[in-house]
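A structural walkthrough
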Amino acid sequence: MRTDEFHDIVDAEHLRRFLYEGAPNGSTSSKVCVVSDGAQWVTVCTDERAAVITKTRKTFDSQLEALDDAVDALRLLRDFEECGRA
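Notes on the structure follow. (Residues numbered from 1 in each chain as written. Predicted model: local features only at pLDDT ≥ 70, side-chain atom pairs only at ≥ 80, totals over all residues. Heavy atoms only, no water.)

**Topic: the pairing of strand 3 (residues 40–45)**
In terms of strand pairing, strand 2 (residues 32–37) meets strand 3 through 6 bridges, oriented antiparallel. The residue of strand 3 that forms the bridge with Ser36 is Trp41. Following strand 2, the chain reverses through 2 residues before pairing antiparallel with strand 3; Gly38 in that reversal takes a positive phi of roughly 70°. The sheet contact formed by strand 3 and strand 4 (residues 58–60) spans 3 bridges and is antiparallel. Counted as the bridge partner of Trp41 is Phe60 from strand 4. (Pairing = 2+ DSSP bridges. Helix = DSSP H or I, 4+ residues; strand = E, 2+ residues; numbered from the N terminus.)

See the structure below:
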């Protein structure tokens, strides 16, 4: 998935509040983080305390693969939150 397609989906599906483009930090609670790590790309999710959920860390050789994975994770996080409100 190209970067522009990724951002179009994020905006159209109202996923932006779950996304952080960069390495997880103290302000990234309940986020899907997408970050370049040298020649690789990484996606990882954080919990409500902004701690990395280790089992969610995935490494990819291309940004395109990482963005595809990030969209799936963003949708899951959104759906999980919506389920909790029902």
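Back to the text.
**Examining the environment of Glu65**
Assignment of secondary structure puts Glu65 in helix 2 (residues 63–85). In sequence terms Glu65 and Arg85 are 20 residues apart; their C-alpha atoms lie 31 Å from each other.

**Observations concerning the pattern of salt bridges**
Tallied over the full model, the rule gives 12 salt bridges. Note that Glu13 and Arg78 form a salt bridge whose closest N and O atoms lie 3.4 Å from each other. With a gap of 65 residues between them, Glu13 in the loop between helix 1 (3–12) and strand 1 (19–21) and Arg78 in helix 2 connect regions that are remote in the sequence. For Asp47, the salt bridge is made with Arg49, and the minimal N-O distance between the two is 3.3 Å. Residue Asp47 is classed as buried on the basis of its relative accessible area, which comes to 14%. In the salt-bridge network here, residues are joined through shared partners; they are Glu13, Arg75, Arg78 and Asp79. (Salt bridge = Lys/Arg side-chain N within 4 Å of Asp/Glu carboxyl O. Buried < 20%, exposed > 50% of the residue type's maximum accessible area, 1.4 Å probe, protein only.)

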